[in-house]
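Chain by chain, the residues run as shown.
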Amino acid sequence: MKNKERFAWASLVLILFTTVVFRPVHAKAVSETAEKYLQLFHEVFGLMQNGYVETVDEEKVFLGAIKGMLGSLGDPHSSFLEEEEYRQMREETRGSFGGVGMEVAYTDGAIVVVSPIEDTPAMKAGILPQDRIIEIDGKSTANLGYAEGIKLMRGKPGSSVSIKVERKNIKEPLQFTLVRENIRIRYVRSYFFEKEKVGYLRLNQFMGENTLEEFKKHLKLLADKKSEGLIVDLRMNPGGLLPLSVALSDIFLPEGLDIVSVRGRGGELADVSKSSGKGDKYTSIPLVVLINEGSASASEIFAGAIQDHKRGKIVGVTSFGKGSVQIVYPLSFGMAVKLTVQKYYTPSGKSLHGKGIQPDVIVKGIEPNEDDRFYLRKMSEKKLLEQLASKYPDYNEQNFLNFEKALKEQGIKLSSDVARAVYKNKTQAEKDRSMTDLELDPQLKKAVDLLSPKS
């Protein structure tokens, strides 16, 4: 992911993705306590049905009761999926759905952005990881459940939705109007740094029916070009399917090593995934994995396995910290329930939940500080960026120096990296932009430097 995209206003897609596995429901006898409260439920419903002043909408009552039951768990990742929501989730696992393009979670009573997804409406609008969504189409999220908030953000492609967010270090809430699209995600991209002999693989999500084969195909192409090092970029990757994360980790690890373990109720060990000796393996090529605060779930499994086995360096900033496993259980009438059933642990036994992966090499992306934000607002008020971009329309080093000088003459004191990002994004044609722009991506530049033979 281009740091310039992340700073210069990226966008998002509405997905809940964690580990999604579809299993049938197995009925189990209820306890005496459960029988007691089921009896109470029937009594209350009977009184309401027969005595309430208005006619009772029975469907609404029962759906509300089910959602309330799951809400009582206090787990944002366990939820009830009505028919349309369940249909959309199945579409998402295949890589195509309607929405605005972000992974969200429910944390401390708020809907929080985990990661915007590449080339979607929300990323282009500029929503960032850790943005707290406080309003959707004028409705306060404080009065909405998690599932209802998500439902409001989804909709027919071409329709618009208004989202208000709170962002760290910004006093006033930010308002975005996003036009929903039919999101089709291109999960894998690659690039070869010819001079440095370094291969680059960008994985947007651990999703999609053909992602494993696509990843292997790109990897082979880079190997055929005689790559002497490899970067796997998981920045802004909100996760996805656990089996896919295990399969991709397996490619880079020698046979017989732990990749991830999952533990259920009471900390009981449920399963351990180990690397195999099958298929094409790349166990010796020097490796760097890029992560940031938008890397979550399956991304953290991959990075954790690589880090714990000292297979490669982890570069960037601390990841999101989502370490729980959900199963989607199909129910009657086309509905389903998504339930947290396990937590996962890295090979060294670390739980990532709420903690994330700590990089071996910490490198921050280009982000405006408080002073930068102040001067960016001043530039916007004066329409200064538009004026100077018109005066110096072609991006080159001399024009950038002229741009910086003109800013200072106007009393605008932007840090140099932020000024370059703003100017380059304004003046460079879309067709000339690259996901591997080292000039605006210090994290990627550090990864290349670590792997290039001269270092």
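Residues numbered from 1 in each chain as written. Predicted model: local features only at pLDDT ≥ 70, side-chain atom pairs only at ≥ 80, totals over all residues. Heavy atoms only, no water.

Digging into the overall build of the protein chain
Along the backbone of the protein chain there are 14 helices and 20 strands. Residue burial in the protein chain is summarised as follows: out of 455 residues, 51% are buried. Sequence-distant contacts, at least 24 apart, represent 72% of the contacts inside the protein chain between residues at least 6 apart. For the protein chain, the accessible surface area stands at approximately 22,100 Å², while carbon and sulfur atoms represent 51% of it. (Helix = DSSP H or I, 4+ residues; strand = E, 2+ residues; numbered from the N terminus. Buried < 20%, exposed > 50% of the residue type's maximum accessible area, 1.4 Å probe, protein only. Contact = heavy atoms within 4.5 Å. Areas by Shrake-Rupley, 256 points an atom, 1.4 Å probe, with all protein chains shown as cover.)

Comments concerning the nonpolar core
If you look at the biggest cluster of nonpolar residues, it comprises 42 residues, and the most contacted ones within it are Phe 215, Leu 230, Phe 252, Val 289 and Phe 302. When residues of this core are traced back to their parent elements, those giving at least two are β11 (188-193), β12 (198-203), α7 (211-224), β13 (229-233), α8 (242-252), β14 (258-263), β16 (287-291) and α9 (298-308). Core analysis: the second largest hydrophobic core is formed by 20 residues, Leu 385, Ala 406, Ala 421 and Val 422 among them. (Core = buried A, V, L, I, M, F, W, Y, C linked by side-chain atoms within 4.5 Å.)

Considerations on the pattern of salt bridges
Scanning the model with the defined rule gives 18 salt bridges in all. Between Asp 224 and Lys 220 there is a salt bridge, with its nearest N and O atoms 3.1 Å apart. Remark: Lys 220 and Asp 224 occur in helix α7; sequence separation between them is 4 residues, near one turn of the helix. Under the relative-accessibility criterion, Asp 224 is labelled partly exposed at 48%. Lys 281 is the salt-bridge partner of Asp 250, the closest N and O atoms lying 3.0 Å from each other. Remark: Lys 281 occurs in the loop between β15 (269-274) and β16 and Asp 250 occurs in helix α8; sequence separation between them is 31 residues. Connected through shared salt-bridge partners, Glu 397, Arg 420, Lys 424, Asp 437 and Glu 439 make up one network. (Salt bridge = Lys/Arg side-chain N within 4 Å of Asp/Glu carboxyl O.)

Regarding the sheet that holds β13
In space, the 6 strands of this open sheet follow the order β11-β12-β13-β16-β17-β20, with mixed pairing throughout. Taken across any chain shown, the strands that pair with only one partner, and hence form the sheet edges, are β11 and β20 (361-362). Where β13 lies against β16, 4 bridges are found, and the strand directions are parallel. Note that in β16 the partner of Val 232 across the bridge is Val 289. Strands in contact with α9 are β13, β16 and β17 (313-316); relative to β16, the strand with the most contacts, it is inclined by about 140°. (Pairing = 2+ DSSP bridges. Axes fitted to C-alpha atoms, helices over the stretch in contact; angles between N-to-C directions.)

Concerning the packing of aromatic side chains
Considering all chains together, one arrives at 9 aromatic pairs under this definition. Relative to Phe 62, the ring of Phe 45 has its centre 4.8 Å away and its plane inclined at 45°; by these criteria the two rings are tilted. Within this pair, whereas Phe 45 is found in helix α2 (residues 32-51), its partner Phe 62 is found in helix α3 (residues 58-71), the two being separated by 17 residues in sequence. You can call Phe 45 buried: its relative accessible area is 12%. According to the relative accessible area criterion, Phe 62 is partly exposed, its value standing at 34%. Centre to centre, the rings of Tyr 395 and Tyr 423 are 5.8 Å apart; their planes meet at 45°, and the pair counts as tilted. (Phe/Tyr/Trp six-rings, centres within 6.5 Å; stacked < 30°, edge-to-face > 60°.)

Observations concerning helix α13 (residues 416-427)
Between its terminal C-alpha atoms α13 stretches 16 Å, which fits the 16 Å expected from 12 residues at 1.5 Å a residue. Most of α13 is tucked away: 9 of the 12 residues are buried. For α13, the full list of buried residues reads Val 418, Ala 419, Arg 420, Ala 421, Val 422, Tyr 423, Lys 424, Asn 425 and Thr 427. (Expected span 1.5 Å × (residues − 1).)

Comments concerning a positive patch on the surface
Taken together, the side chains of Lys 171, Arg 377, Lys 378 and Lys 382 make up a positively charged region of the molecular surface. With respect to the secondary-structure elements, Lys 382 resides in helix α10 (residues 370-382). (Patch = residues over 30% accessible without salt bridge, like charges linked within 9 Å, V, L, I, M, F, W, Y side chains within 5 Å. Lys, Arg positive; Asp, Glu negative; His and termini not counted. Charge placed at Lys NZ, Arg CZ, Asp CG, Glu CD.)

A word on unusual backbone geometry
Not every positive phi belongs to a glycine, and Asp 137 is a case in point at roughly 50°. Inspection of the secondary structure puts Asp 137 in the loop between β6 (132-136) and β7 (139-140). According to the relative accessible area criterion, Asp 137 is partly exposed, its value standing at 41%.

Overview of the packing of α7 against α8
Orientation of α7 relative to α8, taken along the N-to-C sense of each, is 25°, at an axis distance of 10 Å. One way to sum up the angle between α7 and α8 is to call them roughly parallel. Here α7 runs over α8; the crossing is right-handed. Note on element contacts: α8 touches α7 through Leu 244, Ala 247, Leu 248, Ile 251 and Phe 252, opposite Thr 211, Leu 212, Phe 215, Lys 216 and Leu 219. (Parallel < 35°, antiparallel > 145°, perpendicular 65-115°, else oblique. Left-handed = near helix turned anticlockwise from the far one by under 90°.)

Examining the environment of Phe 206
Mapped onto the elements of the fold, Phe 206 is located in the loop between β12 and α7. Sequence separation of Phe 206 and Ser 299 is 93 residues, and the distance between their C-alpha atoms is 7.6 Å. Not counting chain neighbours up to four residues away, the residues in contact with Phe 206 comprise Leu 234, Asn 237, Gly 239, Gly 240, Leu 241, Leu 244, Ser 245, Leu 248, Ala 298, Ser 299 and Phe 302.

Regarding the confidence of the model for the protein chain
Scored by pLDDT, the protein chain has a mean of 87; 89% of the residues are at 70 or more. With pLDDT under 50 throughout, residues 1-22 is counted as low confidence; its partners more than four residues away or in other chains account for 139 contacts. (pLDDT = per-residue confidence, 0-100.)

Looking at the pairing of strand β18 (residues 324-330)
Looking along a regular strand, one sees side chains alternate from face to face of the sheet. The buried fraction of β18 amounts to 6 of the 7 residues, a majority that puts the element mostly inside the structure. As judged from the 7 bridges shared by β18 and strand β19 (residues 336-345), these two strands associate in the antiparallel manner. Within β19, the residue paired with Gln 326 across the bridge is Thr 340. Between β18 and β19, which pair antiparallel in sequence order, lie 5 residues; one of them, Phe 333, sits at a positive phi of approximately 60°.

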